[in-house]
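So you can see what is in the structure, the chains are spelled out below.
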There are 2 protein chains.
Amino acid sequence: MSATDQKTDQIWLVEVFVSLKPAVNDPQGLAIADGLHMLGYDEVQDVRAGKYMQLHVAGADKASVESRVSEMCEKLLANTVIESYRFDVRQAQSE
Amino acid sequence: MSATDQKTDQIWLVEVFVSLKPAVNDPQGLAIADGLHMLGYDEVQDVRAGKYMQLHVAGADKASVESRVSEMCEKLLANTVIESYRFDVRQAQSE
């Protein structure tokens, strides 16, 4: 990557949410729901457990970052046989 | 709970996001970042791994649900020594 490319790249904060597809058994979610019921939170009807990832990604524009992150989800971040994913891309705040 | 209470209760979809505090080591996130780099996604700068939970909760109004979910996070859903959490409450769609 040339120095010019580097200069035009921005940093994006990507939040990826991976959850089990509705038809897939979720023992972890059931265990969490049981735990909440034991603590007295009877208003909890069901719990589905999933994964949450925050990535910092360099990229020229939002559309290209979205397309790359979509690939990453398909290849590594989610098991698309049993999991679905969605993600959110926004410009990283300079903190 | 009386039949009248039941009638006034609505179902809320709560999304809970738990992530490790910035100072805490995240070997899972590092492993994911390494995996992405090995696949050629060199634009990924860092990855933090966390948990994502979807709850269906009964409650009369949003504020009371928020206060109960905040308790659940403190007591069970997050380990507040090393993790931070945030959540989002909205009315569940009747699907």
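Bear in mind that the values here come from a model prediction, so they are computed numbers and not experimental data.

(A) The relation of the copies chain A and chain B, seen in detail. Overlaying chain A on chain B yields an RMSD of 0.0 Å, the required transformation being a rotation through 180° with an accompanying axial translation of 0.0 Å. What the rotation and shift describe, once combined, is the action of a two-fold rotation axis. Residue by residue, 100% of the interface of chain A is reproduced at the interface of chain B, so both copies engage with the same surface.

(B) Looking closely at the packing of helix 2 (residues 27-38) of chain A against helix 3 (residues 62-77) of chain B. It is at 11 Å that the axes of helix 2 of chain A and helix 3 of chain B come closest, and there the two elements cross at 110°. As far as their axial angle goes, helix 3 of chain B and helix 2 of chain A are roughly perpendicular. Every residue of helix 3 of chain B that contacts helix 2 of chain A at Ile32, Gly35 and Leu36 of chain A is listed here: Met72, Leu76 and Leu77 of chain B. Of the residues in the contact of helix 2 of chain A with helix 3 of chain B, the class split is 5 nonpolar, 1 polar and no charged.

(C) A look at the confidence of the model for chain A. Counting all residues, the mean pLDDT for chain A is 92, and 91% of those residues have values of 70 or more. Both scores are available for the predicted complex, with the pTM at 0.87 and the ipTM at 0.86.

(D) Broad picture of the pairing of strand 2 (residues 44-59) of chain B. Where strand 2 (residues 44-59) of chain A lies against strand 2 of chain B, 13 bridges are found, and the strand directions are antiparallel. Paired with Leu55 of chain A across the two strands is Val47 of chain B, which belongs to strand 2 of chain B.

(E) Structural detail: the sheet that holds strand 2 of chain A. Ordered in space as 3(A)-1(A)-2(A)-2(B)-1(B)-3(B), the 6 strands form an open sheet in which the pairing is antiparallel. At either margin of the open sheet sits one strand with a lone partner, and together these are strand 3 (83-91) of chain A together with strand 3 (83-91) of chain B. Within this sheet the neighbouring strands show an average axis-to-axis angle of 25°, counted without direction. With respect to the sheet, helix 3 (residues 62-77) of chain A is in contact with strand 1 (10-20), strand 2 and strand 3 of chain A together with strand 2 of chain B, its orientation differing from that of strand 3 of chain A by roughly 150°. Packed on one face of the sheet, helix 2 (residues 27-38) of chain B meets strand 2 of chain A together with strand 2 of chain B and runs near 120° to strand 2 of chain B.

(F) Broad picture of the packing of aromatic side chains. Counted under the stated rule, the structure contains 7 aromatic pairs over all chains. Here the aromatic rings of Phe17 of chain A and Tyr52 of chain B are separated by 5.4 Å at their centres, their planes lie at 55°, and the arrangement is tilted. Of this pair, Phe17 of chain A sits in strand 1 while Tyr52 of chain B is found in strand 2, placing the two residues in two different chains. By relative accessible area, which is 6% here, Phe17 of chain A ends up buried.

Reading the values: the criteria
Residues numbered from 1 in each chain as written. Chains lettered and ligands numbered in written order. Predicted model: local features only at pLDDT ≥ 70, side-chain atom pairs only at ≥ 80, totals over all residues. Heavy atoms only, no water. Least-squares fit on C-alpha atoms with pLDDT ≥ 70 in both. Contact = heavy atoms within 4.5 Å. Axes fitted to C-alpha atoms, helices over the stretch in contact; angles between N-to-C directions. Helix = DSSP H or I, 4+ residues; strand = E, 2+ residues; numbered from the N terminus. Parallel < 35°, antiparallel > 145°, perpendicular 65-115°, else oblique. Nonpolar A, V, L, I, M, F, W, Y, C, P; charged D, E, K, R; others polar. pLDDT = per-residue confidence, 0-100. Pairing = 2+ DSSP bridges. Phe/Tyr/Trp six-rings, centres within 6.5 Å; stacked < 30°, edge-to-face > 60°. Buried < 20%, exposed > 50% of the residue type's maximum accessible area, 1.4 Å probe, protein only.

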